[in-house]
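Chains, contacts and geometry: an overview
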Amino acid sequence: MTRKIYSILFLSILFTIILCSCENSSKDQETNKPNIIVVFCDDMGYGDLSCFGHPTIKTPQLDRLAAEGQKWTSFYVTAPVCTPSRAGLITGRYPVRSGFMGGVLHPISKGGLPQSEITIPELLKDAGYSTACIGKWHLGHLPQFLPTNHGFDYYYGIPYSNDMDKIDAVKDNPMEANINPEIRFFNVPLMRNTEIIERPAQQTTIVKRYTEETVQYINDNKEGPFFIYLAHNMPHIPLFRSLDFENKSERGIYGDVIEEIDWSVGQIRKALEDNGIAENTLVIFTSDNGPWLRFDQQGGSAGLLRGGKGSTWEGGMREPTIFWWKGKLKTGIVSDMGSTLDFLPTFCNLADVPVPDDRHMDGFDLTKTLLYGEKSPRDIMIFSRGNDVAAIRKGDFKAHFIVRRDPELQEQLPLLYHLGHDPSEKYNIADQYPEIIDELRLEAEKFKKTVIPVVDQVRLR
Ligand code: MG
């Protein structure tokens, strides 16, 4: 009998110990939820950073983050223009699912990101994060679509592109206004939460002020966890930079702008270190789409990649991407595929909150690649054009089914490139691999079957 009592007593103690340790470990996880900062540029090219090979633009801060963290060389956005690319990032779904088939919202648009979508900040708020959107939103400027109605506690920024709201005097020659800009040409609003606080926004100080807002938010929320989505309006034309960066870069005004963004990244790093939270903050740097090549020297460079903004060539959608988390990441260069679609499931894992399971999600959790250098779970990327699949990459192969503005290439469709051997998409090898074309076509059809038709938000006027 006594033995039985002892056994029960022993088991109860054991059970209590296990229960306590479980509770502790889940508590540890909770207190360890990292802060997350996404720095999202506008129209910056694959080749516009020193660490991605630019010979005259100097980006020491970003180079340092890349050296201490991970540099991703095959990282994709979901569209080659601003609005749909942003929809893909914030929802973790291809933008066609939320009503963005191509094209961008304008000040006369009546559409925006539907309330039915679940956003990263909404999910992170469930996990106790404070959330700020600083910069360009471009997912609807009407009150119901603003960041503060999509999960952000705080918003400060220009709600769409910095070349919009042109005044009548320059409407006849918009190219000239973009290339030789004055602040007054672009009557864009600067907003704080839902109020317009300045119009036209003084764009020469916009990078500086977005940076100050970000640093302030870090200081105010250092107890964490917080999520900051810093979406610069630059280097989208018209190009503006503050006095400190005027005529500083060998690359001219475009270089000045990138170098000011690099400075901004340095200020963010300093704020994290000053507050002692660099070891608990994941910082990601990338851009929404490739360079706007029609602006010649005022547009960026896609480096060795073909094409730029607006195209489904690599230069339109592959972006120079850096992950940094002091002392936490497996340092190195990652040439596996990744996408802004993957932010949502990765952040959900880090914040210990479930990924929505009531809809089709398109992201993969990159945590193990980031922390342990494991192979990226992403092996496929869809390049949409309207409701159609223009191109698709699986593994090293990329097939194009739609090509714009090139009658000669259109004659040869479908095209096939091996992006490992030929990242510039120069050598069409479709004839050699008919079975790969079939496989990729099948994948494209499979994807299209998962898309439920919805209202095109960009067409709502
Ligand atoms: Mg853009």
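Residues numbered from 1 in each chain as written. Predicted model: local features only at pLDDT ≥ 70, side-chain atom pairs only at ≥ 80, totals over all residues. Heavy atoms only, no water.

Enumeration over the complete set of coordinates arrives at two cavities of 30 Å³ or more. Within this model, the largest cavity holds a volume of roughly 50 Å³. For the largest cavity, the full set of lining residues is V39, L65, V265, I268, R269, L272, V283, F285 and W324. Among the elements that take part in the lining of the largest cavity, helix α7 (residues 253-274) stands out by supplying four residues, more than any other. Split into classes, the residues belonging to the lining of the largest cavity amount to eight nonpolar, no polar and one charged. Lining the second largest cavity we find D43, P235, H236, I237, Y254, W292, Q298, G299 and G300. Its residues assigned to classes, the lining of the second largest cavity comprises four nonpolar, four polar and one charged. (1 Å grid on protein atoms, 1.4 Å probe; cavity = no way out; pocket = protein on both sides within 12 Å on 5 of 7 lines; lining within 4 Å. Points joined across faces, edges and corners; volume = space filled by probe spheres on them. Helix = DSSP H or I, 4+ residues; strand = E, 2+ residues; numbered from the N terminus. Nonpolar A, V, L, I, M, F, W, Y, C, P; charged D, E, K, R; others polar.)

All right, on to the coordination of the magnesium ion then. Here the magnesium ion is held by the protein donor atoms D42 (OD), D43 (OD), C82 (SG), D288 (OD), D288 (OD) and N289 (OD1), which lie 2.1 to 2.7 Å from it. Each donor residue of the magnesium ion belongs to the same chain, and together they define the spacing D-D-x38-C-x205-D-N. Of this pair, D42 sits in the loop between β1 (35-41) and α2 (60-68) while C82 sits in helix α3 (residues 82-91), and the two are 40 residues apart along the sequence. Grouping residues by exposure puts D42 and C82 together as buried. (Donors = N, O, S within 2.8 Å, 3.2 Å for Na, K, Ca; no water. Buried < 20%, exposed > 50% of the residue type's maximum accessible area, 1.4 Å probe, protein only.)

Remark: α2 packs on α7, axes separated minimally by 7 Å, with the N-to-C direction vectors making an angle of 55°. Relative to α7, the element α2 lies oblique. The segment α2 lies against α7, with P60, Q61, L62, R64, L65 and E68 engaging D262, V265, G266 and R269. Residues belonging to the contact of α2 with α7 are distributed by class as follows: four nonpolar, two polar and four charged. (Axes fitted to C-alpha atoms, helices over the stretch in contact; angles between N-to-C directions. Parallel < 35°, antiparallel > 145°, perpendicular 65-115°, else oblique. Contact = heavy atoms within 4.5 Å.)

This structure, assessed with the given rule, holds 21 aromatic pairs. Ring centres of Y156 and Y210 lie 6.1 Å apart, and the angle between their planes is 85°; this geometry places the pair in the edge-to-face category. Here Y210 lies in helix α6 (residues 206-220) and Y156 lies in strand β4 (residues 154-157), a separation of 54 residues in the sequence. Neither Y156 nor Y210 differs from the other in exposure class; each is buried. Aromatic pair W292 and F295: ring centres 4.9 Å apart, planes at 75°, arrangement edge-to-face. Grouped by ring-pair contacts, the aromatic residues F40, W72, F75, W137, F152, F227, Y229, F323, F343 and F347 constitute a single cluster. The ring centre of F52 lies 5.0 Å from the NZ or CZ of K71, which sits over that ring. (Phe/Tyr/Trp six-rings, centres within 6.5 Å; stacked < 30°, edge-to-face > 60°. Lys NZ or Arg CZ within 6 Å of the ring centre and 35° of its normal.)

Attention now moves to the domain arrangement of the chain. Split into domains, the chain comes out as domain 1 (32-378) and domain 2 (383-449). Domain 1 and domain 2 are separated by 28 Å when their C-alpha centres are compared. Contacts between the two partners involve 17 residues from domain 1 and, on the opposite side, 22 residues from domain 2. A combined buried area of about 1600 Å² lies between domain 1 and domain 2, and 54% of that area is made up of carbon and sulfur atoms. Area buried by domain 1 at its contact with domain 2 is led by R306, T312 and W313, which between them contribute 35% of it. Between the two partners, domain 1 and domain 2, sit one salt bridge. K398 is paired through a salt bridge with E314; the nearest N and O atoms lie 2.9 Å apart. Applying the counting rule to domain 1 against domain 2 returns eight residue pairs in polar contact (both at pLDDT 80 or more). For the side of domain 1 that touches domain 2, the secondary structure elements donating two or more residues are β2 (70-76) and α8 (314-317). (Domains from an automatic or database assignment. Buried area = accessible area lost by both parts, 1.4 Å probe. Salt bridge = Lys/Arg side-chain N within 4 Å of Asp/Glu carboxyl O. Polar contact = N/O pair within 3.5 Å; in protein donor to acceptor, adjacent residues only side chain to side chain.)

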